[in-house]
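Summary of structural features
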Amino acid sequence: MKESGNHGRGTTIRPVKSLPSSPPVRAPRGKQANSNLLRGRFKNPRLPEVEAFSASLPFDRRLYRHDIQGSVAHARMLASVGLLTPDEANEIELGLKEIEREIGSGRFRFHLSDEDIHLAIERRLTEKIGAAGAKLHTARSRNDQVALDLRLYLREEIGALLDLIQALVQSLAAVAADHVETVMPGYTHLQRAQPLSLAHHLLAYIDMLERDRERFEQALARTDVMPLGAGAVAATTLRIDRRSVAQALGFRQIASNSLDAVGDRDFALDFLSAAAILAIHLSRMAEEIILWATAEFGFIELPDEFSTGSSMMPQKKNPDLLELVRGKSGRVTGNLVSLLMVLKALPLGYNSDLQEDKERVFDTLDTLKPLLNLMAQLWPRLTFNPAAMSAAAGGFALATDLAEYLVARGVPFRTAHEAIGRLIGDLTAAGRSLPDVELGELQELSTAFQADVLKILNPAHSLNARKVFGGPAPQTVRRRLRELGRKGVS
Ligand code: ARG
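These figures come from a predicted structure and were not determined experimentally. Every chain is numbered independently, its residues counted from 1 as its sequence is written. This being a predicted model, a pLDDT of at least 70 is required before a residue's local features are given, and a value of 80 or more before pairs of side-chain atoms are given or counted; all residues contribute to the totals for chains, interfaces and linings. The side-chain values count all of the structure's non-hydrogen atoms but skip hydrogen atoms and water molecules.

**Remarks on the overall build of the protein chain**
- Secondary structure elements follow DSSP: runs of H or I no shorter than four residues count as helices, runs of E no shorter than two count as strands, and numbering proceeds from the N terminus. When helices and strands are tallied, the protein chain shows 18 helices and six strands.
- Whether two residues touch is decided by their heavy atoms; if any such pair falls within 4.5 Å, the residues are in contact. For the protein chain, restricting intrachain contacts to residue pairs at least 6 apart in sequence, the fraction spanning at least 24 positions comes to 75%.
- Surface accessibility in these figures is a Shrake-Rupley result with a 1.4 Å probe; residues are shielded only by whichever protein chains are displayed. Accessible area of the protein chain: about 23,200 Å², with a carbon and sulfur share of 52%.
- Charged residues are defined here as Lys and Arg on the positive side and Asp and Glu on the negative side; His and the ends of the chain fall outside this count. All charge positions are set by atom: Lys at NZ, Arg at CZ, Asp at CG, Glu at CD. Here the protein chain contributes 61 positive and 59 negative side-chain charges, whose respective centroids are spaced 5 Å apart.

**A closer look at the packing of aromatic side chains**
- Planes of paired rings set the category: under 30 degrees apart is stacked, over 60 is edge-to-face and the rest tilted, where pairs are Phe, Tyr or Trp rings (Trp by its six-membered ring) whose centres lie within 6.5 Å. Summed over all chains, the structure comprises eight aromatic pairs.
- Between Trp 292 and Trp 379, the ring centres sit 6.4 Å apart and the planes meet at 70 degrees, which makes this aromatic pair edge-to-face. In this pair, Trp 292 sits in helix 10 (residues 266-292) while Trp 379 sits in the loop between helix 12 (357-378) and strand 6 (383-384), placing the two residues 87 residues apart along the sequence.
- Judged by its relative accessible area of 3%, Trp 292 is buried.
- Relative accessible area decides the class of each residue, using a 1.4 Å probe on protein chains only: under 20% of the type maximum gives buried, over 50% gives exposed, and in between gives partly exposed. Residue classification places Trp 379 among the buried positions, given a relative accessible area of 0%.
- Taken together, the ring pairs connect Tyr 187, Phe 297 and Phe 299 into an aromatic cluster.
- When the NZ atom of lysine or the CZ atom of arginine is within 6 Å of a ring's centre and also within 35 degrees of its normal, the charge is said to sit over that ring. If you follow Arg 62 out to its NZ or CZ, it ends over the ring of Phe 362, 4.3 Å from the centre.

**Digging into the pairing of strand 2 (residues 191-197)**
- Pairing between strands requires that DSSP locate at least two bridges from one strand to the other. Direction of pairing for strand 1 (residues 183-188) relative to strand 2: antiparallel, over a ladder of six bridges. Bridge pairing in strand 2 places Gly 186 opposite Gln 194.
- Here strand 1 folds back onto strand 2, and the loop between the two strands holds two residues, one of which, His 189, carries a positive phi near 55 degrees.

**Quick look at the site of the ligand**
- Note on definitions. A residue lies near a molecule or strand when any single heavy atom of the residue is within 4 Å of it. All residues in the neighbourhood of the ligand are listed as Ser 56, Asp 116, Arg 142, Asn 143, Val 146, Tyr 350, Gln 355 and Lys 358.
- N or O atoms closer than or at 3.5 Å make up a polar contact, with two conditions inside protein: a donor-capable atom paired with an acceptor-capable one, and, for residues adjacent in sequence, both atoms drawn from side chains. Contact distances for the ligand include 3.0 Å between a nitrogen atom and a side-chain N or O atom of Ser 56.
- Asp 116 is positioned such that a nitrogen or oxygen atom in its side chain is 2.9 Å from a nitrogen atom of the ligand.
- When isolated, the ligand has an accessible area of 340 Å², and the protein chains bury 85% of it.
- In terms of residues, the shell around the ligand owes the most to one element, helix 6 (residues 142-177), which gives three residues.
- Gly counts as polar in this scheme, as do all residues outside two lists: the nonpolar Ala, Val, Leu, Ile, Met, Phe, Trp, Tyr, Cys and Pro, and the charged Asp, Glu, Lys and Arg. Residue composition of the shell around the ligand, by class: two nonpolar, three polar and three charged.

**Considerations on unusual backbone geometry**
- Residue Leu 190 is not a glycine yet carries a positive backbone phi of 55 degrees.
- Here Leu 190 is to be found in the loop between strand 1 and strand 2.
- Notably, Ala 345 is not glycine yet its phi reads approximately 65 degrees, a positive angle.
- Position of Ala 345 relative to the elements: it lies in the loop between helix 11 (320-343) and helix 12.

**Notes on the confidence of the model for the protein chain**
- Here the protein chain shows a mean pLDDT of 92. Residues at 70 or above account for 93%.
- In this model, residues 1-12 is a region of pLDDT below 50 whose contacts with residues beyond four sequence positions or in other chains number 32 contacts.
- Per-residue confidence from the predictor is reported as pLDDT, which spans 0 to 100. Counting interchain partners and residues more than four positions distant, the pLDDT-below-50 stretch residues 15-34 has 55 contacts.

**Considerations on helix 15 (residues 413-429)**
- Helices are assigned an expected span. That span is 1.5 Å times one less than the residue count. Between the first and last C-alpha of helix 15 there are 24 Å, a value that for 17 residues agrees with the 24 Å anticipated at 1.5 Å per step.
- Turning to helix 15, its buried residues number three or more, namely Ala 416, Ala 419, Ile 420, Leu 423, Ile 424 and Leu 427. In a view along the axis of helix 15, the buried residues occupy a sector of 140 degrees, so they form one face of it. Facing away from the buried side of helix 15, by more than 90 degrees, are the exposed residues Arg 414, Asp 426 and Ala 429.
- Of the surrounding elements, those touching the buried residues of helix 15 are helix 14 (399-408) and helix 16 (439-445).
- One or two steps after helix 15, the chain reaches Gly 431, where phi turns positive at roughly 70 degrees. Along the arc lie the directions from the helix axis toward the C-beta atoms.

**Brief notes about the nonpolar core**
- Throughout this description, the term nonpolar core refers to a set of buried Ala, Val, Leu, Ile, Met, Phe, Trp, Tyr and Cys residues connected via side-chain atoms within 4.5 Å. Core analysis: the largest hydrophobic core is formed by 108 residues, its most contacted members being Phe 216, Ile 289 and Trp 379.
- Ignoring sequence-local partners within four residues, the contact set of Trp 379 consists of Leu 168, Ser 171, Leu 172, Val 175, Leu 202, Tyr 205, Met 285, Ile 289, Trp 292 and Phe 384.
- Grouped together as the second largest cluster of nonpolar side chains are 20 residues, Tyr 405, Leu 406, Leu 423 and Leu 427 included.

**Quick word on the environment of Val 225**
- When you line up the elements, Val 225 lands in strand 3 (residues 225-226).
- A sequence separation of 42 residues divides Val 225 from Phe 267, and the C-alpha atoms of the two residues are 9.3 Å apart.
- Setting aside its immediate chain neighbours within four residues, Val 225 contacts Arg 151, Phe 251, Gln 253, Ile 254 and Ala 255.

**Thoughts on a nonpolar patch on the surface**
- Without a salt bridge and with relative accessible area above 30%, a residue can belong to a patch; like charges are then joined within 9 Å and nonpolar side chains (Val, Leu, Ile, Met, Phe, Trp, Tyr) within 5 Å. Salt bridge criterion: a side-chain nitrogen from Lys or Arg within 4 Å of a carboxyl oxygen from Asp or Glu. On the surface, Val 233, Leu 259 and Leu 348 cluster together into a nonpolar patch covering about 260 Å² of accessible area.
- Tracing the backbone shows Val 233 in the loop between strand 3 and helix 8 (242-248).

**Structural notes on helix 11**
- When the terminal C-alpha atoms of helix 11 are compared, their 35 Å separation across 24 residues agrees well with the 34 Å that a helix rising 1.5 Å per residue should span.
- By the burial criterion, the buried members of helix 11 are Leu 321, Leu 322, Val 325, Ser 329, Val 332, Asn 335, Leu 336, Leu 339, Val 342 and Leu 343.
- Along its buried surface, helix 11 packs onto helix 10 and helix 12.
- Immediately beyond the C-terminal end of helix 11, within one or two residues, lies Ala 345, with a positive phi of roughly 65 degrees.

This is the structure:
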């Protein structure tokens, strides 16, 4: 392999935060550390600015474990089909394991001229073991290699995300179990509508998160496809064994078209879209907590550990954390849109545009993981004010109960709705509310009203009466909580 020489310019890579810190690495470099793995046909080295602009190494370093995992499986397969000797495969495997330790401990010297993590590892391997290292890339291209690495990485990370979602669900379910009878208003148009319970409200979040979980599981299934063997675009003339690689790496499927395998990032889109929907869900949750913590609602008190003061106003207790949760949904959604735009109208096969995929995926994970964790910790630390919640659920929020009382006694719903509407208008004009109404007044509206109507005029009764499947009655909610427990969800 020809060396194009050292262009003598230092370029610095800052360590990635998820890796053990290693000092910034400069390159002017000695002879072995070079960008020459690919430059057989070139006379001149790349411009340093071109090198710096094109490199994915500063961010794809975090794929190093997965890159090595894939290379080990590839080398073993090459040996099994006779393209490597068993000794060569062993040397490669030992060399890769050493490199893994070097990177893990921060001793590895990254050079920007290596372009990406794939070439950095291959360069180092060849430095270490010579000829055998130069055989590792047999029947492989970085095009199928990078697709493999990202899939391996994402498979692991989606697993971690699913655990974090589960932890949040468990935290919500635990709070819900304590508040099955804590009445609060359900809102429509952000106006008090009908009574429900805090537990029922929390179970709504749980249903949303359960759907998120399903979406991530679907994304996981589409990620669990093995692309290696696709080569650059048209597979290989060599007799490789893709099945054994898939088996060694625990993939359930093998990509069935080499052209699609190298250009497909749908799995990343699936992940980013599930992530965006989850982030939007969390933004809605954050917004409700923010609202509940206002003096206007007064439903909750935020824990000090999660609140911020104001630089000017000494009385302030700000929900900054929740505002950031809300705000970060924009960022996570942006990552989805960003990759969609990268893929728009992209010709099939590998194009370097695809290098833009990783930062979107990494940023989404780095954003969502702490966010899920913080929300799971926040819920059990909120102090609820059941008196304020119950008071807000009384009054006119009981109007539908009155209308349905009449319906149960044969009055057409529209007639009942109209009659109660008139009553509400009169009470409002007189500065009164529903629980103050007297039996006589009700009986003037309709002869169907009996003395038993007075006992339905409180939020707890209203809650208890809503027993239908999916409703907020305590017994219904307890059943749902038990069901979630049985499914192992909470
Ligand atoms: N660094 C590239 C990426 O992140 C992988 C190399 C792809 N192949 C190529 N010929 N540039 O997608």
